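Below, each chain spelled out in residue letters.
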Amino acid sequence: MATITSTGLGSGLDVESIVTKLMSIERRPLALLQNQQDSLNTKLSAVGKLTSYTGALRDAANSLASVLTWKQTKSSSSDAASVTVSTETGAALGNYAVNVTRLASVQTTVSKAFASSTAAVGTGTLKIELGSWAGEPSPTGFNAKSGSTPVTVTITDADNTLEKIRDKINSAKAGVSATIVNDASGARLALRSTDTGAENGFRITATETSDDGSATTGLSTLGFDATGSSPMTRTQTAVNAAATINGIAISSASNTLKNVADGMTLTLNKATGSDVAVAVTADDDAITSAVDTFVKSFNDLAGYIRDNTQYDATKKTGGVLQGDRTTGNLLSQLRGVINEGSTASSVYSRLSDVGIAMGADGKLAVNKTKLQNALSSNREELRKLFAADTGTTSSSGFMDRFRDLGRSALDTDGLLTTRSEGLKAEITLNSKSQDAMETRLTSTEARVRRQYQALDSSMASLSGLSNYVSQQLAALNKSS
């Protein structure tokens, strides 16, 4: 009788190998779910990028359709060293002849020379008043600046040195700044208006005190009154800027003339001997830049759709979004906007009329010459072609259409948002299915392992019985 043999312990049955192989078969549906989840995550990422490109297209179209973009201006000056110009969005277009007679200046006064900046001057008060001097260049009176309040600076024994008086004047913020200038004669206190203009001249009334309350002369050296003899010397007079713009006389306390024309600011840098030509023109560069940005965003989106929906014959694989209905709908809508003409402009009806045309690869290209000609000759009609928001598709500008398409796709119930949410729901359901299958497989493995362990034990018992019977038969054969 043949003997039952084995290659392992007990019965020799390789339970672990058998269970492993059986469970690998049981796990195939789980592997399919995992692969499906990887595919769903990849597609969700692709739709996310599609959403990002669509958002960029919407924003670029919105910028090109914006009134602010079309109202941008640029400015120039024939002598920027003398007159500089800046403009705001919507500034009035025009040409200006600017002649600067005089720049606005501040008042400056200088004290007598002291031994040093630490020299004691005296105690008392300095009353600082802002205003203009009547009768210049030989002042006959002082007119206080409207809305300005005199500031009194008190000087005590603790702060009666020249440098401490300087610091106290600066801390008072009275519209006057103080510095100390050292020359061959010693240290001098220089006072200067904070702001330019005739109304920012100043008068300083010095009142001295001594320990016994009698009048002294120390702090009086810092007084100033232009109508008579004064201890401090005026080295520069506060005056307004004087200029003519297109022959119109202009006076300004500042050398910066804000809104001298609607949205235009002139900065006067020095007096001129002749007219400086200043021009404010429409900023065509802003339009061409916005067009370039739009075309790039369109091409980024169109290129991404093409790359992710085409079939790779070499790899024999389709793109991530191949066959995706949402992507196909979006591409169809993009082409629909391009292909449908507009009646917004009486001159142009299609983007190709102004140099923006679609090539065989589905991308847009810009003919710069054609676009510039449209800007130069029919700027307003070009604007209408891009940005006439009439509420109806046929008479709306192309950028309004693209903007609305992007908004629609990205709204809470838009096709891209809905697609993204749908994929997320599928991923969640897949994950739950994997969890449930993992639980079932754990239970299945435990059951199979118990069954094969029981079979292993039974086979071990049968093997032992086989050996016993074999031994008995051998003994009988010997005795006979």
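Everything numeric in this text was worked out from a predicted model, so none of it was measured.

Conventions we followed
Residues numbered from 1 in each chain as written. Predicted model: local features only at pLDDT ≥ 70, side-chain atom pairs only at ≥ 80, totals over all residues. Heavy atoms only, no water. Helix = DSSP H or I, 4+ residues; strand = E, 2+ residues; numbered from the N terminus. Buried < 20%, exposed > 50% of the residue type's maximum accessible area, 1.4 Å probe, protein only. Contact = heavy atoms within 4.5 Å. Pairing = 2+ DSSP bridges. Axes fitted to C-alpha atoms, helices over the stretch in contact; angles between N-to-C directions. Phe/Tyr/Trp six-rings, centres within 6.5 Å; stacked < 30°, edge-to-face > 60°. Lys NZ or Arg CZ within 6 Å of the ring centre and 35° of its normal. Salt bridge = Lys/Arg side-chain N within 4 Å of Asp/Glu carboxyl O. Parallel < 35°, antiparallel > 145°, perpendicular 65-115°, else oblique. Left-handed = near helix turned anticlockwise from the far one by under 90°. Nonpolar A, V, L, I, M, F, W, Y, C, P; charged D, E, K, R; others polar.

Mapped onto the elements of the fold, L33 is located in helix α2 (residues 28-65). Judged by its relative accessible area of 16%, L33 falls in the buried class. Sequence separation of L33 and M437 is 404 residues, and the distance between their C-alpha atoms is 9.6 Å. Not counting chain neighbours up to four residues away, the residues in contact with L33 comprise N430, S433, Q434 and M437.

The next subject is the sheet that holds strand β13 (residues 248-252). In space, the 5 strands of this open sheet follow the order β1-β16-β3-β12-β13, with antiparallel pairing throughout. If you trace the sheet from one side to the other, it starts and ends with β1 (73-77) and β13, each paired once. The sheet shows a mean angle of 25 degrees between the axes of neighbouring strands, direction not considered. Two strands pair when backbone bridges link them, and β1 and strand β16 (residues 276-282) are joined in this way by 5 bridges, in the antiparallel orientation. Looking across to β16, one finds that S77 is bridged to V278.

As a further point, take the packing of aromatic side chains. This structure, assessed with the given rule, holds 7 aromatic pairs. Seen from their ring centres, W70 and F386 are 6.2 Å apart, and the 45 degrees between their planes marks the pair as tilted. Taken together, the residues W70 in helix α3 (residues 67-70) and F386 in helix α8 (residues 379-387) connect sequence positions 316 residues apart. W70 sits in the buried class, given a relative accessible area of 7%. Within the aromatic cluster, the residues linked to one another by ring pairs are W133, F142 and F224. Cation over ring: K112 sits above F114, and NZ or CZ is 5.3 Å from the ring centre. Against the face of F398 rests R401, its NZ or CZ located 4.7 Å from the ring centre.

Strand order in the open sheet formed by 3 strands is β2-β15-β14, and the pairing between neighbours is antiparallel. The open sheet has two edge strands with one neighbour each: β2 (83-87) and β14 (256-261). Each neighbouring strand pair of the sheet contributes to a mean axis angle of 25 degrees, computed without reference to strand direction.

Turning next to the pairing of strand β12 (residues 241-245). The buried count for β12 comes to 4 of 5 residues, which makes it a mostly enclosed element. Relative to β12, strand β3 (residues 94-102) runs antiparallel, the two sharing 4 bridges. Considered in β12, the bridge of V100 is made with A243. Bridge count between β12 and β13: 5 bridges; the pairing is antiparallel. The residue bridging I245 from the neighbouring strand is I248, located in β13. Here β12 folds back onto β13 in antiparallel fashion, the turn holding 2 residues, of which N246 has a positive phi close to 50 degrees.

With that settled, consider the environment of S352. Along the chain, the position of S352 falls in the loop between α6 (325-339) and β19 (356-358). Take S352: its relative accessible area is 34%, and that puts it in the partly exposed class. For the pair S352 and K370, spaced 18 residues apart in sequence, the C-alpha separation works out to 9.3 Å. Ignoring any residue separated from it by four or fewer positions in sequence, one finds S352 in contact with A357 and K370.

Here the focus is the pattern of salt bridges. Under the definition given, this model contains 20 salt bridges. Measuring nitrogen to oxygen at the nearest pair gives 3.0 Å for the salt bridge that ties R379 to D284. Taken together, the positions of R379 in helix α8 and D284 in helix α5 (residues 284-309) put the pair 95 residues apart, joining distant regions of the chain. Take R379 and D284: they sit in the same class, and that class is buried.

Let us now look at unusual backbone geometry. The peptide bond linking E136 to P137 adopts the cis configuration, its omega dihedral lying at 10 degrees. Note on placement: P137 falls in the loop between β5 (123-134) and β6 (141-144). Of note in the backbone geometry, N246 takes a positive phi value of approximately 50 degrees without being a glycine. Of the residues examined, N246 reaches a relative accessible area of 43% and is grouped as partly exposed. Its identity is not glycine, yet N259 carries a phi of approximately 50 degrees, on the positive side.

This brings us to the packing of α6 against helix α9 (residues 398-410). The contact between α6 and α9 brings their axes to 10 Å, and the two run at 165 degrees. With respect to α9, the axis of α6 lies roughly antiparallel. When you trace α6 past α9, the crossing you get is right-handed. Here L330, Q333, L334, V337 and I338 of α6 lie close against α9, whose contacting residues are F398, R401, F402 and L405. Of the residues in the contact of α6 with α9, the class split is 7 nonpolar, 1 polar and 1 charged.

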